[in-house]
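Close look at the chain arrangement
Residue strings, one per chain:
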Amino acid sequence: MNQSLLEIRNLAFTYPGASLPVFERLDLAVRSGEFILIKGPSGTGKSTLLRLICRLNQPQGGTVLFRGRDITVIPPAALRSSISYVAQLPQMIDAPVGENLLLPFSFRANSKKRAPQPETLYRMLDEFYLGGITLEQSALKLSAGQKQRLAIMRSILQEPEMMLLDEPTSALDPESAAMVFSIMERLNRTEKMTIMTVTHSDYRPETLRGIVYRLENRTLQLREE
Amino acid sequence: MNRIIDISTGKLLLAFVFIIVAQASSIFYHLGLGRDIAIGALRTFAQLFLMGYVLTFILGSENLPLTIAIFAIMVISAMSIIKGRVKEKQVAYILPTFLTMLVTYFATAFFVSGIIVDSTPWWEPRYFIPTGGMVIGNSMSAIAIALERLFSEMRQRREVVEMKLALGADFREASDDVFRNAVTSGMIPSINAMMGVGLVFIPGMMSGQILSGTDPLVAIRYQIVVMFMLVGSTAVTSIIVMLIVRKRCFGSGEEVLLSSR
């Protein structure tokens, strides 16, 4: 039971053309149900770390194990269906809210999952502080904060085992940011969702299993605060 | 009806009047096109004369290796024009594009020349070379347009492609609309040409046949075959090229390799 959900060993990454690595020999173990917050100034590779975990970038060295399996042997679409990544600036397709929410179910990797019914979607919209929004209205016309919450909801719908949230509040006003933090904490507390998020703000998660790390460029190591 | 009027050298030089008019317009309105018009005119003159002599030689030689060699040179030239237009450094698209062009253009030229026109032998240069030339010239533009569109959209829409990847899409699903837009943008000109042919313009090949005394009712048959051939070969070639090149825009983890601009 003690096996890590995610284990990173000796991870090394350098941007193409850069002389110094963003990090090297980076280790991290994440257990199921944990809430991992990674802090650090801009440009230290926090977002890159999340992107490497879901293979949106490729490391130059080291391994990432998900449920004990090297992520490079898991089909990328299946991996990303299990480890869901939400980008800093959430993207929507030019379609109604409902179509955006059900987008993951149009992909083969999610074909065995059951798409939720409109009643479920409306209930969830309320829970994500998006009450009043209809499934028929255009997703592109929502505010940044609404899009961010919609993007997190869309990721949850495909029932991932772990969520990676890249600076989810950086573009938001304090009120919207508080809503997003509250959603993340609730998902972790009540749904036991394993969450890994990065930020350069002073936020600290109010959850029992929250662990805060700091990614420092010079030491290129994570240390528990 | 069947006698073609030859253009004497003096009359040919008289055609330079059109170039002089273009040059005068450029000078009068400060268009700065003088140099390009002059070079273009000289190249047209030199390249077509060269081609005329080469064709006279090939048509008379009935030589299979020579015919194939000329065909290959035409494809190589088309590839170098595409390379000049599509400035892409991050994705190696040249070799797969060239090989696809070589195979599909050959198959098209063979089908039209050897089966529809039923020339004997199938590589009869009088049919095979002009057919190949039309296919290559037309489809080359389509491929260049489609490649440019594929790369630019992949860059512009990188965040949306990555959003779909992050939600469990494979690289095909994530870039489905980028692929479709690239292929259609390349195909639209040849589809539009089918709409306008005979109404808006008389195609070059048909005009040439009529000028050389061919019955217009025979010329239109050739032209119909050519129009269909151009649409078909453009579709097949651009789809194959886009399928191969799109795959190359993604890495081993199905991550987008092209950096945003």
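The structure displayed is predicted, hence computed values, not measured ones.

We now examine the overall build of chain A. Tallying secondary structure elements over chain A gives six helices and 10 strands in all. Against the compact-globule benchmark of 17 Å for 225 residues, chain A has a radius of gyration of 17 Å, which places it among compact chains. Projected onto its principal axes, the C-alpha coordinates of chain A cover approximately 50 × 40 × 40 Å. For chain A, with 225 residues in total, the buried portion stands at 53%. Pairs at least 24 apart in sequence give 70% of the contacts found in chain A among residues at least 6 apart. Looking at chain A as shown, the accessible area adds up to about 10,700 Å², and 49% of this sits on carbon and sulfur atoms. Across chain A, the mean location of the 27 positive side-chain charges is 5 Å away from that of the 24 negative side-chain charges.

Take the pattern of salt bridges next. One pass over the full model with this rule turns up 14 salt bridges over all chains. One salt bridge in this structure joins glutamate 162 of chain B and arginine 51 of chain A, with 2.7 Å as the shortest N-O distance. Of this pair, glutamate 162 of chain B sits in helix H7 (residues 158–166) while arginine 51 of chain A sits in helix H1 (residues 46–53), which puts the two residues in different chains. On the accessibility criterion, glutamate 162 of chain B (9% relative accessible area) is buried. Here arginine 51 of chain A falls in the buried class, since its relative accessible area comes to 13%. Connected through salt bridges with shared partners, the residues Arg149, Glu153, Arg157, Lys164 and Asp177 of chain B form a single ionic network.

Below, the discussion takes up a nonpolar patch on the surface. Residue and element names in this part refer to chain B. Among the surface-exposed residues, Ile191, Met194, Met195, Leu217, Ile220, Ile224 and Phe228 lie close enough to one another that they form a single nonpolar patch of about 660 Å² accessible area. Of all the secondary structure elements, the ones that give two or more residues to the nonpolar patch are helix H9 (176–196) and helix H11 (216–248). By residue number, the principal contributor to the nonpolar patch is H11, which donates four residues. Among the secondary structure elements, isoleucine 224 is positioned in helix H11. Under the relative-accessibility criterion, isoleucine 224 is labelled partly exposed at 42%.

Here we take up the packing of helix H2 (residues 16–28) of chain B against helix H3 (residues 34–61) of chain B. A packed helix pair is summarised by two numbers, namely the angle formed by the two axes and the spacing between the axes. Residue and element names in this part refer to chain B. Across the interface, H2 lies against H3 with an axial gap of 9 Å and an inter-helix angle of 165°. Classified by the angle their axes make, H2 and H3 are roughly antiparallel. Along this stretch, H2 crosses H3, giving a crossing that reads as right-handed. Across from Phe16, Ile19, Ala22, Gln23 and Ser26 in H2, the residues of H3 making contact are Gly34, Ile37, Ala38, Ala41 and Phe45. When grouped by side-chain class, the residues that make up the contact of H2 with H3 number seven nonpolar, three polar and no charged.

Attention now moves to the pairing of strand E6 (residues 83–86) of chain A. Residue and element names in this part refer to chain A. Residue alternation in E6 divides its side chains into two sets, Ile83 and Tyr85 and Ser84 and Val86, and both sets are buried. Sheet analysis places E6 next to strand E7 (residues 162–166), joined by four bridges and oriented parallel. Across the sheet, the residue bridging to valine 86 is leucine 165, located in E7.

Each side of the interface is counted separately: chain A has 24 residues, and chain B has 18 residues. Here chain A and chain B share an interface that buries about 1,700 Å² over both sides, 57% of which is from carbon and sulfur atoms. Counting the surface chain A buries against chain B, the share from its top three residues, Arg80, Gln91 and Phe107 of chain A, is 32%. Inspection of the chain A/chain B interface yields two salt bridges. On inspection of chain A and its partner chain B, the count reaches six residue pairs in polar contact (both at pLDDT 80 or more).

All names here are of chain B. The assigned domain composition of chain B is domain 1 (1–61) and domain 2 (64–248). The interface of domain 1 with domain 2 comprises nine residues on the first partner and 10 residues on the second. Where domain 1 abuts domain 2, roughly 730 Å² becomes buried across the two surfaces, and 78% of that area is made up of carbon and sulfur atoms. At the junction of domain 1 and domain 2, the tally comes to zero salt bridges.

Once that is clear, we can look at the packing of aromatic side chains. The geometry of an aromatic ring pair is captured by the separation of the ring centres together with the interplanar angle, meaning the angle of the planes. Enumeration according to the criterion identifies 13 aromatic pairs over all chains in this entry. An angle of 90° between the planes, with centres 5.0 Å apart, marks the rings of phenylalanine 13 of chain A and tyrosine 15 of chain A as edge-to-face. According to the relative accessible area criterion, phenylalanine 13 of chain A is buried, its value standing at 3%. Aromatic side chains phenylalanine 16 of chain B and phenylalanine 45 of chain B sit 5.7 Å apart centroid to centroid with 50° between the ring planes, which places their arrangement in the tilted category. Taken together, the residues phenylalanine 16 of chain B in helix H2 and phenylalanine 45 of chain B in helix H3 connect sequence positions 29 residues apart. Taken together, the ring pairs in this structure connect Phe71, Phe106, Phe110, Trp122 and Phe128 of chain B into an aromatic cluster. For arginine 246 of chain B, the ring lying beneath its charged end belongs to phenylalanine 179 of chain B, and the centroid distance is 4.6 Å.

Below, the discussion takes up the pairing of strand E3 (residues 35–39) of chain A. Note on strand geometry: in a regular strand, side chains alternate between the two faces of the sheet. All names here are of chain A. Of all five residues in E3, five are buried; the element is thus mostly enclosed. What you see with E3 is no split at all: Phe35, Leu37 and Lys39 on one side and Ile36 and Ile38 on the other are buried throughout. Across five bridges, E3 lies against strand E8 (residues 194–199) in parallel orientation. Counterpart to leucine 37 in the pairing with E8 is threonine 197. Two strands pair when backbone bridges link them, and E3 and strand E9 (residues 210–216) are joined in this way by five bridges, in the parallel orientation.

Residues and elements named next belong to chain B. In the contact formed by H9 and H11, the axes pass within 10 Å of each other and the chain directions differ by 165°. It follows from the interaxial angle that H9 and H11 lie roughly antiparallel. The handedness of the crossing between H9 and H11 is right-handed. Residue-level contacts link Asp176, Phe179, Ala182, Val183, Gly186, Met187, Ser190, Ala193 and Met194 of H9 to Met227, Phe228, Val231, Thr234, Ala235, Ser238, Ile239, Met242, Leu243 and Arg246 of H11. When its residues are assigned to classes, the contact of H9 with H11 shows 13 nonpolar, four polar and two charged.

Reading the values: the criteria
- Residues numbered from 1 in each chain as written.
- Chains lettered and ligands numbered in written order.
- Predicted model: local features only at pLDDT ≥ 70, side-chain atom pairs only at ≥ 80, totals over all residues.
- Heavy atoms only, no water.
- Helix = DSSP H or I, 4+ residues; strand = E, 2+ residues; numbered from the N terminus.
- Rg over C-alpha atoms; globule rule 2.2 N^0.38 Å.
- Buried < 20%, exposed > 50% of the residue type's maximum accessible area, 1.4 Å probe, protein only.
- Contact = heavy atoms within 4.5 Å.
- Areas by Shrake-Rupley, 256 points an atom, 1.4 Å probe, with all protein chains shown as cover.
- Lys, Arg positive; Asp, Glu negative; His and termini not counted.
- Charge placed at Lys NZ, Arg CZ, Asp CG, Glu CD.
- Salt bridge = Lys/Arg side-chain N within 4 Å of Asp/Glu carboxyl O.
- Patch = residues over 30% accessible without salt bridge, like charges linked within 9 Å, V, L, I, M, F, W, Y side chains within 5 Å.
- Axes fitted to C-alpha atoms, helices over the stretch in contact; angles between N-to-C directions.
- Parallel < 35°, antiparallel > 145°, perpendicular 65-115°, else oblique.
- Left-handed = near helix turned anticlockwise from the far one by under 90°.
- Nonpolar A, V, L, I, M, F, W, Y, C, P; charged D, E, K, R; others polar.
- Pairing = 2+ DSSP bridges.
- Buried area = accessible area lost by both parts, 1.4 Å probe.
- Polar contact = N/O pair within 3.5 Å; in protein donor to acceptor, adjacent residues only side chain to side chain.
- Domains from an automatic or database assignment.
- Phe/Tyr/Trp six-rings, centres within 6.5 Å; stacked < 30°, edge-to-face > 60°.
- Lys NZ or Arg CZ within 6 Å of the ring centre and 35° of its normal.

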